Amino acid sequence: MPSAKAKATAATTLTLSAVLVLGAAPSASAADPDTHHTSTAAIQDVDYTTWRKDVAAVVAQAKPYIEERTEDSDGEQQAIVLDIDNSSLETDFHPFWELPTPAIPEVRELVADAKDRGVSVFFVTARPGIIHSLTDWNLKQAGYPVDGLYVRSLPDLFSEVSAYKTAKRAEIESKGYTIIANIGNNTTDLVGGHAERTFKLPDYGGKLS
């Protein structure tokens, strides 16, 4: 049986592919907790306000670490790596047909501060390559700096997500970067090494993609 993350990825792919095929321009919208009854998270009984508080608690741990780590960069090319769905964007808390999907405010603030400190920002997602440009557009519309975006090519779709993401972090390191933090909401985002620290955002036992 497909996992929640796999089903959400498939739904996102179908929706965004339809936008590309039909040529419709995505309409801007803001996250509104009052409309979250239409969301995947609400169906899974995940409360938006609770989720935001739980995200903020993790960000509160990551923030001082990144601040301290960047104080003594000693000429390193430092980077952070982030997952996208429910790690950078409010994917499951927002109607999937409304684009752009909003940023998670606490994570966006953390990323902006890291960028101001000279840290490069990379996104490694299980989303397929067909929606690379639309994903890049969404991240930038949501206010994220994007130094690199990795999506799955056709061969990657047949490999384990954790193995794919580990390989992409290793690829980033091969370009001379030290990944000081890796942030995601699923264990597949974080296992495999190639990051000094990992920070896991809530997924409530796989209820969030």
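Predicted, not measured: the structure shown is a model, and the values here were computed from it. (Residues numbered from 1 in each chain as written. Predicted model: local features only at pLDDT ≥ 70, side-chain atom pairs only at ≥ 80, totals over all residues. Heavy atoms only, no water.)

1. A closer look at the sheet that holds strand S2 (residues 120-128)
Link 1 in the chain: The strand order S3-S2-S1-S4-S5 describes an open sheet built from 5 strands, whose pairing is parallel. Of all strands in the sheet, those with a lone pairing partner are strand S3 (148-152) and strand S5 (198-200), marking the two edges. In this sheet, neighbouring strand axes are inclined to one another by 20° on average, regardless of whether the strands run parallel or antiparallel.
Link 2 in the chain: One ladder, built from 3 bridges, connects strand S4 (residues 177-184) with S5; its direction is parallel. Counterpart to isoleucine 183 in the pairing with S5 is phenylalanine 199.
Link 3 in the chain: With respect to the sheet, helix H3 (residues 48-71) is in contact with strand S1 (77-82), S4 and S5, its orientation differing from that of S4 by roughly 175°.
Link 4 in the chain: Packed onto the sheet, helix H6 (residues 161-174) meets S1, S2, S3 and S4 and runs at close to 150° relative to S2. (Pairing = 2+ DSSP bridges. Helix = DSSP H or I, 4+ residues; strand = E, 2+ residues; numbered from the N terminus. Axes fitted to C-alpha atoms, helices over the stretch in contact; angles between N-to-C directions. Contact = heavy atoms within 4.5 Å.)

2. Regarding H6
Link 1 in the chain: Across its 14 residues, H6 extends 20 Å between first and last C-alpha, which sits within 8% of the 20 Å expected from 1.5 Å per residue.
Link 2 in the chain: Listed in full, the buried residues belonging to H6 are Tyr164, Lys165, Thr166, Lys168, Arg169 and Ile172.
Link 3 in the chain: Structurally, H6 contributes buried residues whose contacts are with S1, S2, S3, S4 and helix H7 (187-190).
Link 4 in the chain: Just downstream of H6, glycine 176 is the residue with a positive phi angle, here 100°. (Expected span 1.5 Å × (residues − 1). Buried < 20%, exposed > 50% of the residue type's maximum accessible area, 1.4 Å probe, protein only.)

Scope: geometric values only; no functional claims are made or implied.
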